[in-house]
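Each chain, written out:
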Protein chains: 2
Amino acid sequence: MGSSRNGVVGDRTAAVDKEVDFANYFCTYSFLYHQKEMLSDRVRMDAYFNAIFENKHHFQGKAVLDVGTGSGILAIWSAQAGARKVYAVEATKMSDHARALVKSNNLQGVVEVIEGSIEDVTLPEKVDVIISEWMGYFLLRESMFDSVICARDRWLKPTGVMYPSHARMWMAPIRTGLGDHKMNDFDLAMDDWSYFVDQTKTHYGVDMSVLTKPYSEEQRKYYLQTSMWNNLHPHQVIGTAAIVKDIDCLTASVSDILKVRSKFSHSITMENAKLCGFGGWFDVHFRGRTEDPVQKEVELTTAPSIDYTTHWGQQVFLLPPPIRVSQGDDLSVSFLMIRSKENHRLMEVELGCEIQQHSGKLLAPFKNKFYIE
Amino acid sequence: MGSSRNGVVGDRTAAVDKEVDFANYFCTYSFLYHQKEMLSDRVRMDAYFNAIFENKHHFQGKAVLDVGTGSGILAIWSAQAGARKVYAVEATKMSDHARALVKSNNLQGVVEVIEGSIEDVTLPEKVDVIISEWMGYFLLRESMFDSVICARDRWLKPTGVMYPSHARMWMAPIRTGLGDHKMNDFDLAMDDWSYFVDQTKTHYGVDMSVLTKPYSEEQRKYYLQTSMWNNLHPHQVIGTAAIVKDIDCLTASVSDILKVRSKFSHSITMENAKLCGFGGWFDVHFRGRTEDPVQKEVELTTAPSIDYTTHWGQQVFLLPPPIRVSQGDDLSVSFLMIRSKENHRLMEVELGCEIQQHSGKLLAPFKNKFYIE
């Protein structure tokens, strides 16, 4: 497939130059420091560890493909669970470290580390299992699932299983101090700009005021419209959570996820709360397939939690200024997520919201644009 | 010249893909926030402002080329100083803002903003002046001077002048607490790694110890071998400064700066000091040319200063652990700087040093490698 990252021709999809993709995306994964961060995420590690070792029947004597093996951890566990052969594909030079790790754990007879893009490599056989940890912030940031779909369509046997098998995006209305902070940062930035324009006119004879509007838009985008990583506390969630998108990893296509369009609603559960924005997160499940299910179903969730935080955190979409809401108020949300034209691994989100107070009164709807960078 | 950034074929030079260059380098310059940072640097602004307005004879009725115009400030000043025509070339979409700024300052009759790489654009005439603010950290980081050389060879009249006309790289031995901090950070990182290896073996049955050496190298490079931005106080400079490289902007070629090889020495001026590393900075001068000099020579220096700090700061090269030195000790330094294979805009430095104590005793020489990232 050459250097094409997306199998579909059309809207928002185009062949991505490999080197550009590396400069923009892959390079972070070639650092051991970054791999260690993910390997130190106990929730993530426990979920995959349990998914594999509680379901050895899927691995024993089987052929496995690990898409984006990184350090090789999933490939190593698959081999330890009894796989006959594991193909561990990794696009970056991290593959050298994965190979060393496989060898020092005496699994080189089973695990073959292959450096390359899954879209380009050739395997000697189709596989029984495709395992991959492909999830980015809010599930789809990084668009790595495209590569998993490509791997599945090329290399999974008709009877094969996906690990994980299902994935869901979630949202909930939240309260947070971040809105006020960022609003304040934005105001300070604009005050500072004002002073700068004044000084530049005074000292250097150049009138910069024509740039005030674009500067304001750039700062607004940066401070208020770019979703933020955060570790939300459950008591920040002020309403019922809703599923934004439900993905069956066995059957999903790239066109299913190119444009994520969804309508859902939330019921406010906190009395006299401030709606400051929305939190977004995901979960994945390891269920196997209907004809060949797991013995032990495992869930990996990144929902706000006191005890179980992950390196993914949640993504926060701010709606300053806060809106007063009450228990029983209903939020009708229309959600649209597409890929950024400049970088298909980043997202643009349009969030429309209409609030119906529990009295029945309908507030004016609003629509905000966000960037997942 | 197509997409080639370097005019010379051979060592460390190869055609750089434009999109990769944008993802790696140019993109930061398309943000107004970044332009504002540079426009708020009073030392930088004053130097260029004075260089132009104290030397109007070089601009009045002349044709000027501004290489990498950014917001357009130098082009605007050139026009205000009486230029007949100014070509303001900018590779990023910042050119749209430059065009708006030119118009709102009523200079659209004189200043023509051209979006594109200076290597690719065609001008209707050769110019009398090439003005550019191309200097990166430690002068040559970003390798933008290559583009200025290209512009000069293509578009400067045989009698034309360069603004600035000269540039120098400087180094001096310094004392700093940064070495201890970074050494401490490195030690903590390795302790943390140790714990991680132990936990991963205990909980997940995988032995990560084969990665300890590469992890240590990666962390060492990050904490101890990557030069750091710092604003040095003059009293941190413990010996005489030395010129590393002297550039005549009218005659320099890319091959002159591909490999910066130099030998120089420092005399320790502080009694009983700790040599913690070296500081690197630069200065540029606006002198015009021998046959057509400036009326008022202007200097822009980024040397450690109490009153005159710049956004460039200085670059600090650490040598932990600190070495005790005394007034009168001599440091003989061999310096080699080449471009990074992966990214020609970043540098690799080899710094060899031999200390002769004022008693005459020669200490064992050492050689360290650094990365300017």
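Residues numbered from 1 in each chain as written. Chains lettered and ligands numbered in written order. Predicted model: local features only at pLDDT ≥ 70, side-chain atom pairs only at ≥ 80, totals over all residues. Heavy atoms only, no water.

K.L.:
For this particular structure, what's the right way to read the overall build of chain A?
P.N.:
Counting its regular elements, chain A contains nine helices and 15 strands. The C-alpha radius of gyration of chain A comes to 23 Å, within 12% of the 21 Å expected for a compact globule of 373 residues. With the principal axes as the frame, chain A shows a C-alpha extent of 70 × 55 × 40 Å. Residue burial in chain A is summarised as follows: out of 373 residues, 56% are buried. Here the analysis covers contacts within chain A between residues at least 6 apart in sequence; of these, 75% occur between residues at least 24 apart. With 40 positive and 47 negative side-chain charges, chain A shows a separation of 3 Å between the mean positions of the two kinds. (Helix = DSSP H or I, 4+ residues; strand = E, 2+ residues; numbered from the N terminus. Rg over C-alpha atoms; globule rule 2.2 N^0.38 Å. Buried < 20%, exposed > 50% of the residue type's maximum accessible area, 1.4 Å probe, protein only. Contact = heavy atoms within 4.5 Å. Lys, Arg positive; Asp, Glu negative; His and termini not counted. Charge placed at Lys NZ, Arg CZ, Asp CG, Glu CD.)

K.L.:
Explain the domain arrangement of chain A here, please?
P.N.:
It is common to give the size of an interface as the accessible area lost on bringing the parts into contact. All names here are of chain A. If you check the domain split of chain A, you get domain 1 (2–158) and domain 2 (169–176 + 227–372). One C-alpha centre belongs to domain 1, the other to domain 2; they are set 27 Å apart. Domain 1 puts 41 residues into the contact, and the matching count from domain 2 is 52 residues. Taking both sides of the interface into account, the surface hidden between domain 1 and domain 2 amounts to around 4000 Å²; carbon and sulfur atoms contribute 66%. For the interface between domain 1 and domain 2, the tally reads two salt bridges. Asp146 is paired through a salt bridge with Arg339; the nearest N and O atoms lie 2.7 Å apart. Joining domain 1 to domain 2, the criterion identifies 14 residue pairs in polar contact (both at pLDDT 80 or more). Mapped by element, the contributors of at least two residues to the side of domain 1 that touches domain 2 are helix H1 (18–24), helix H3 (42–53), helix H6 (145–155) and strand S5 (156–163). (Domains from an automatic or database assignment. Buried area = accessible area lost by both parts, 1.4 Å probe. Salt bridge = Lys/Arg side-chain N within 4 Å of Asp/Glu carboxyl O. Polar contact = N/O pair within 3.5 Å; in protein donor to acceptor, adjacent residues only side chain to side chain.)

K.L.:
Help me out: how do you make sense of the relation of the copies chain A and chain B in this one?
P.N.:
Turning one copy of the chain about an axis and sliding it along that axis gives the other copy, so a rotation and a shift relate them. Overlaying chain A on chain B yields an RMSD of 0.0 Å, the required transformation being a rotation through 180° with an accompanying axial translation of 0.0 Å. Taken together, these values place the two copies in the relation of a two-fold axis. If distances are taken from each C-alpha of chain A to the rotation axis, the shortest is found for Val20(A), at 2.3 Å. Here 100% of the interface residues in chain A have copies in chain B that are interface residues too; the copies meet face to matching face. (Least-squares fit on C-alpha atoms with pLDDT ≥ 70 in both.)

K.L.:
Looking at this model, I keep getting lost on the UniProt feature "domain: Protein arginine N-methyltransferase" (unreviewed entry) in chain A. Mind explaining?
P.N.:
According to UniProt, the "domain: Protein arginine N-methyltransferase" (unreviewed entry) feature falls on residues 189–355 of chain A. A helix fraction of 21% and a strand fraction of 46% characterise residues 189–355 of chain A, whose end C-alpha atoms lie 31 Å from each other. (UniProt positions renumbered as here; feature names shortened; annotations may be inferred.)

K.L.:
I tried to follow the packing of H3(A) against helix H7 (residues 178–204) of chain B on my own but got confused; where do I start?
P.N.:
Any two packed helices are characterised by how steeply their axes cross, that is the angle between the axes, and by the distance between the axes. Packing of H3(A) against H7(B) brings their axes to within 12 Å, and their N-to-C directions diverge by 30°. In this view, H3(A) runs roughly parallel relative to H7(B), as classed from their interaxial angle. Crossing geometry of H3(A) relative to H7(B) is assigned as right-handed. Counting all contacts with H3(A), which are made through Arg42(A), Met45(A), Asp46(A) and Phe49(A), the residues of H7(B) involved are Gln199(B), His203(B) and Tyr204(B). Residues of the contact of H3(A) with H7(B), tallied by class, amount to three nonpolar, two polar and two charged. (Axes fitted to C-alpha atoms, helices over the stretch in contact; angles between N-to-C directions. Parallel < 35°, antiparallel > 145°, perpendicular 65-115°, else oblique. Left-handed = near helix turned anticlockwise from the far one by under 90°. Nonpolar A, V, L, I, M, F, W, Y, C, P; charged D, E, K, R; others polar.)

K.L.:
Would you mind going over helix H4 (residues 73–80) of chain A with me for this structure?
P.N.:
In an α-helix, one turn spans 3.6 residues, which is why side chains three or four residues apart end up on the same side. Within H4(A), seven of the eight residues are buried, which leaves it mostly tucked inside the rest of the structure. Along H4(A), the positions that sit buried rather than exposed are Ile73(A), Leu74(A), Ala75(A), Ile76(A), Trp77(A), Ser78(A) and Ala79(A).

K.L.:
Any chance you could explain the pairing of strand S11 (residues 292–301) of chain A here in plain terms?
P.N.:
The two faces of a sheet get side chains in turn, since along a regular strand they alternate between them. Residues and elements named next belong to chain A. In the sheet, strand S10 (residues 273–289) pairs with S11 via six bridges, with the strands oriented antiparallel. Residue Arg289 lies in a different strand from S11, and its bridge partner there is Asp292. Adjacent in sequence and paired antiparallel, S10 and S11 are bridged by two residues. (Pairing = 2+ DSSP bridges.)

K.L.:
Sorry if this is basic, but what is going on with the UniProt feature "domain: Methyltransferase" (unreviewed entry) in chain A here?
P.N.:
When the UniProt feature table is mapped onto this chain, "domain: Methyltransferase" (unreviewed entry) is found at residues 64–160 of chain A. Annotated as residues 64–160 of chain A, this span is 31% helix and 26% strand, and its ends, taken at the C-alpha atoms, are 10 Å apart.

K.L.:
Which parts of the structure should I look at to understand the pattern of salt bridges?
P.N.:
Any two side chains of opposite charge can pair, given that their charged atoms come close. All names here are of chain B. For the coordinates displayed, the defined rule picks out 34 salt bridges over all chains. Measuring nitrogen to oxygen at the nearest pair gives 3.3 Å for the salt bridge that ties Lys85 to Glu112. Here Glu112 lies in strand S3 (residues 111–115) and Lys85 lies in strand S2 (residues 85–90), a separation of 27 residues in the sequence. Arg99 is paired through a salt bridge with Asp96; the nearest N and O atoms lie 3.3 Å apart. Separated by three residues within a single helix, Arg99 and Asp96 lie in helix H5 (residues 94–104), roughly one turn from each other. Exposure remark for Arg99: the relative accessible area of 36% places this residue in the partly exposed category. For Asp96, a relative accessible area of 37% puts it in the partly exposed group.

K.L.:
What is the right way to read the sheet that holds strand S13 (residues 330–339) of chain B from this model?
P.N.:
Residues and elements named next belong to chain B. The strand order across the open sheet built from four strands is S9-S13-S14-S15, with neighbouring strands paired in antiparallel fashion. Only two strands of the sheet have a single partner each, and these edge strands are strand S9 (260–267) and strand S15 (366–372). In this sheet, neighbouring strand axes are inclined to one another by 20° on average, regardless of whether the strands run parallel or antiparallel. Examined bridge by bridge, S13 and strand S14 (residues 347–356) share 10 bridges and lie antiparallel to one another.

K.L.:
I would appreciate a short explanation of helix H6 (residues 145–155) of chain B in the present structure.
P.N.:
Residue and element names in this part refer to chain B. The buried count for H6 comes to nine of 11 residues, which makes it a mostly enclosed element. When we look at burial in H6, the residues that qualify are Phe145, Asp146, Ser147, Val148, Ile149, Cys150, Ala151, Arg152 and Trp155. On its buried face, H6 is in contact with strand S1 (63–67), strand S4 (127–131), strand S5 (156–163), strand S8 (242–248), helix H9 (254–258) and S13.

K.L.:
In this structure, what is going on with the environment of Gly68(A)? I would like to understand it.
P.N.:
All names here are of chain A. Relative to the elements of secondary structure, Gly68 occurs in the loop between strand S1 (63–67) and H4. Once the C-alpha coordinates of Gly68 and Glu115 are considered, the two residues, 47 residues apart in sequence, prove to be 9.6 Å apart. With residues near it in sequence (within four places) discarded, Gly68 still touches Val89, Glu90 and Met144.

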